[in-house]
Amino acid sequence: MEKKKTVFDYLAQVLIVFGFTMLVMNIFCLAFGNSAKGFSAMFALANRGVPIEITFEFLFLSALIVGLRLLFFTDILIKEMPVWLRTICMLTSVIIIIAAFIIAFHWFPINMWQPWAMFCICFIISFWGSYFVMFIKEKTENKRMAEALMRLKEKEAKTK
């Protein structure tokens, strides 16, 4: 039985997404910051870090992504939708929101194909990495639950 989620669970998920995002962004700043300075608002500080405005934009983006996850992967609003369709809808929504942030906050020049290609590559790598982690987590939880069920059945058999 799954425990009831609270606002603190939501905030924890937001901070996890935000923390991972900031870790990746700071690695990118160290690796590409000097060459991208002046090219992108994200790299305005070159290799010294992410500007504070961008940091808050990423925090807001993290909250939206976790909100979408809540929308598409719980039965709060959507009752009857297969998991594969939920996944496609969420991915599409996330891509649209990130593209809107890129345009609205001038994260990089929108008229150049190279930043968009890099964004797509990073997004695909992040998606497959997340999918792999979730697959391993689910497989581990299923194994643990199967073992617990087996112990429960053995215990019931001994008491009869």
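In this text, all values refer to a predicted model and were calculated from it rather than measured experimentally.

**Digging into the overall build of the protein chain**
Looking only at helices and strands, the protein chain features four helices and zero strands. Reading the protein chain from its N terminus to its C terminus gives the helix and strand order α-α-α-α. A globule of 160 residues ought to have a C-alpha radius of gyration of about 15 Å, yet the protein chain, at 20 Å, is considerably larger. Dimensions of the protein chain, computed from the C-alpha atoms along their principal axes, are close to 75 × 30 × 30 Å. Expressed as a percentage of its 160 residues, the buried residues of the protein chain come to 25%. Considering only residue pairs separated by 6 or more positions, the protein chain has 47% of its internal contacts joining residues 24 or more positions apart. Within the protein chain, the 11 negative side-chain charges are centred at a point lying 4 Å from the centre of the 17 positive side-chain charges.

**Section: the nonpolar core**
In terms of nonpolar packing, the biggest core is built from 24 residues, with Met 42, Phe 58, Leu 61, Val 94, Ile 98 and Trp 107 touching the most fellow members. Considering every element that reaches this core, the biggest residue donor is helix H2 (residues 52-73), with six residues.

**Looking at the packing of aromatic side chains**
This structure, assessed with the given rule, holds ten aromatic pairs. On the numbers, 5.1 Å between centres and 80 degrees between planes, the contact of Phe 108 with Trp 116 is edge-to-face. Among the aromatic residues, those joined into a cluster by ring pairs are Phe 58, Phe 60, Phe 101, Phe 105 and Trp 107.

**Points about the environment of Gln 13**
As for its position among the elements, Gln 13 is in helix H1 (residues 7-36). You can call Gln 13 partly exposed: its relative accessible area is 24%. In this structure the C-alpha to C-alpha distance between Gln 13 and Phe 127, which are 114 residues apart in sequence, comes to 16 Å. Side chain to side chain, Gln 13 and Arg 69 meet in a polar contact 2.9 Å long.

**Digging into the confidence of the model for the protein chain**
Looking at the protein chain, the pLDDT average stands at 87 and 98% of residues meet or exceed 70. Ranking the elements of the protein chain by mean pLDDT puts helix H4 (residues 113-159) last with 85 and H2 first with 93.

**Notes on the packing of H2 against helix H3 (residues 83-105)**
Each pair of packed helices gets described by two things: the angle between the helix axes and the distance between those axes. Between H2 and H3, whose axes approach to 10 Å, the crossing angle comes to 160 degrees. Judged by the inter-axis angle, H2 sits roughly antiparallel to H3. Crossing handedness for the pair H2 and H3: right-handed. Of the residues in H3, those in contact with Glu 57, Phe 60, Leu 61, Leu 64, Ile 65, Leu 68, Arg 69, Phe 72 and Phe 73 of H2 are Val 83, Arg 86, Thr 87, Cys 89, Met 90, Ser 93, Val 94, Ile 97, Ile 98, Phe 101 and Phe 105.

About the thresholds
Residues numbered from 1 in each chain as written. Predicted model: local features only at pLDDT ≥ 70, side-chain atom pairs only at ≥ 80, totals over all residues. Heavy atoms only, no water. Helix = DSSP H or I, 4+ residues; strand = E, 2+ residues; numbered from the N terminus. Rg over C-alpha atoms; globule rule 2.2 N^0.38 Å. Buried < 20%, exposed > 50% of the residue type's maximum accessible area, 1.4 Å probe, protein only. Contact = heavy atoms within 4.5 Å. Lys, Arg positive; Asp, Glu negative; His and termini not counted. Charge placed at Lys NZ, Arg CZ, Asp CG, Glu CD. Core = buried A, V, L, I, M, F, W, Y, C linked by side-chain atoms within 4.5 Å. Phe/Tyr/Trp six-rings, centres within 6.5 Å; stacked < 30°, edge-to-face > 60°. Polar contact = N/O pair within 3.5 Å; in protein donor to acceptor, adjacent residues only side chain to side chain. pLDDT = per-residue confidence, 0-100. Axes fitted to C-alpha atoms, helices over the stretch in contact; angles between N-to-C directions. Parallel < 35°, antiparallel > 145°, perpendicular 65-115°, else oblique. Left-handed = near helix turned anticlockwise from the far one by under 90°.

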